[in-house]
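# Fold and contact review
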Amino acid sequence: MDMLPSAHTDTFSRDNLPPFDQWPEFLLDGFDYPDQLNAAVELTDKMVLQGFGDHVALIGNGRRRTYKELSDWTNRLAHALVEDYGVRPGHRVLIRSANNPAMVACWLAATKAGAVVVNTMPMLRAGELSKIVDKAQVNLALCDTRMMDEIVACAKGSPCLEKVIGFDGTANHDAELDRAGLNKPVKFDAIRTSQDDVALLGFTSGTTGEPKATMHFHRDLMIIADGYAKEVLGVTPDDVFVGSPPLAFTFGLGGLAVFPLRFGATATLLEAASPPNMIEIIETYKATVCFTAPTAYRAMMRAMDEGADLSSLRVAVSAGETLPGPVFEEWKAKTGKEMLDGIGSTELLHIFISNRFGSAAPAQTGTPVTGYQAIVVDEEMAEVARGTIGKLAVKGPTGCRYLKDDRQANYVRDGWNLTGDSFIQDEAGIFHFAARSDDMIISSGYNIAGPEVEAALLSHDDVVECAVIGVADEDRGQIVQAHVVLVENVSPDKECIKRLQDHVKQTIAPFKYPRSVVFTDALPKTQTGKIQRFRLREE
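Bear in mind the structure is a predicted one, so any value in this text is a computation, not a measurement.

In a beta sheet, neighbouring strands are held together by backbone hydrogen bonds and run either parallel or antiparallel to one another. Spatially, nine strands are ordered β2-β1-β10-β9-β11-β12-β13-β14-β15 in an open sheet, and the strand pairing comes out mixed. Each of the sheet's edge strands pairs with one partner strand only, and the pair in question is β2 (63–66) and β15 (367–368). Sheet topology places strand β1 (residues 56–60) next to β2; four bridges connect them, and they run antiparallel. Its bridge partner lying in β2, I59 is registered against R64.

This paragraph deals with the pairing of strand β9 (residues 240–243). Residue alternation in β9 divides its side chains into two sets, V240 and V242 and F241 and G243, and both sets are buried. Relative to strand β10 (residues 266–268), β9 is paired through two bridges, and the arrangement is parallel. By the bridge assignment, F241 is partnered in β10 with A267. Traced from β9 through helix α10 (residues 250–262) to β10, the parallel crossover comes out right-handed. In this sheet, strand β11 (residues 289–292) lies alongside β9 in parallel orientation, the contact comprising three bridges. Residue pairing in the sheet places V242 in a bridge with C290 of β11.

Before going further, it helps to examine helix α12 (residues 294–305). At 3.6 residues per turn, the α-helix brings residues three or four places apart onto the same side. Between its first and last C-alpha, α12 extends 17 Å over twelve residues, near the 16 Å set by a 1.5 Å rise per residue. Among the residues of α12, those classed as buried are P294, A296, Y297, R298, M300, M301, A303 and M304. At the exit of α12 stands G307, carrying a positive phi of roughly 110 degrees.

Turning next to the pairing of β1. Along β1, four of the five residues are buried, which leaves the element largely enclosed by surrounding structure. Following β1, the chain reverses through two residues before pairing antiparallel with β2; N61 in that reversal takes a positive phi of roughly 50 degrees. Here β1 pairs with β10 via two bridges, running parallel. When the sheet's bridge partners are listed, I59 is paired in β10 with T268.

With that settled, consider the side chain of E465. Positionally, E465 belongs in strand β23 (residues 463–473). Classification of E465 as buried rests on a relative accessible area of 14%. Reaching out from E465, the side chain makes a polar contact with the side chain of K525 at a distance of 2.9 Å.

So, how was this worked out
Residues numbered from 1 in each chain as written. Predicted model: local features only at pLDDT ≥ 70, side-chain atom pairs only at ≥ 80, totals over all residues. Heavy atoms only, no water. Pairing = 2+ DSSP bridges. Helix = DSSP H or I, 4+ residues; strand = E, 2+ residues; numbered from the N terminus. Buried < 20%, exposed > 50% of the residue type's maximum accessible area, 1.4 Å probe, protein only. Right-handed = clockwise from strand over helix to strand, strands pointing away. Expected span 1.5 Å × (residues − 1). Polar contact = N/O pair within 3.5 Å; in protein donor to acceptor, adjacent residues only side chain to side chain.

Put into structure tokens, the structure is as follows:
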């Protein structure tokens, strides 16, 4: 496979791509970009040239910034990174921050300077940061001055992390990086990276072991906007985006930065994206596109019962967790609009199978996004019969390339990306999520998908949230165990357990009912609102 000449003088990223024979097949028809492409220039300076200079690009921490302001700001910061801090094309730059405009500006500035950016979450501690720094051989970290402790501790013990520079995540511009950028020109001759130069290292939110770093090219950042965001969301310059996923995850970076900026739209950014905060943003700025998890949509619907006005939303995208049927139905009943379910992965950068408006239905994930193909296969990679559960295999314009990792061979087989999800494709060709492959429960020889039992429980009025896992059982191999958060004032007693079990038996096949029910005040979750079933299993 021929790659274009790289603009990177530090060749670490290209040197550590997987061997070509372990790459997935890339389907690039219809995604035509020039050989030289810098994603950050496309999202800022090019937008100004197209006449979007006075459009609001980012809202956050009490400030609105236009495309012209964002262009000037990122160009100044890029000058500072190169001239004051020695950033060279191909250097890895780590960014540590909550979701705010300054984080987006740092990401764009480093990308303009030809760096390979590693965005990280504020929750990470020094030990976790060290694993990322070591794996990506990070030289420089940019950190919101309000959360310096852990990265400074990480740098003290790190052989490669030489500098930690603070930036001001508030709107005050009062930190070292901001001051360095103040006197710089607003024009910057961005590095003419190749479209297949690595622009981003996305670390997966995996559950165990050494973290995996997924390598994404400049063109990949354009592809997710020009594919999914254009085809499924139909983004226009009038859209206002809001959402809860961290920008440190590719789901959040796409939904809250790449998509709006690609089309001249506006992104609102929240450091604490709780449902009440998102509701306030939606009401204040008349947000039109929302990205969050089903649990947050449930909370938002309860707020609508109390009078919250979410009528400006034209698109509600649910991802991160499978979308339970009852949430879809209630949203449609309350808003008159379908909720869009979709599945993506850090390895493929963003959503590759999605519902569409006009054909969305509960308990279905939909069909492949423009450019992608998907099949359901068995252990031998043979396609299974329609209506049969199997492993999801996907290929398209983006795909898995792990940074120097033996696990590449598990994720990519015969040119297909194996996402680790169990799916069914029905006779009409529509894909239905069954479970993460490790969330399948096998009880007395029956395959039971945990999420299906969860959806049944969630349709009962007493249940706020639930998570279903398999627990070892001598007679059956495994039994279904439900961890349930009840509505206030419902007694967690034996009568309640029986009520819920009977409800499940009447809603889905009776053998799937939870033989064990555990009541809890809260479920363990990741920062994106994904329920951590593995933690319930560990307990």
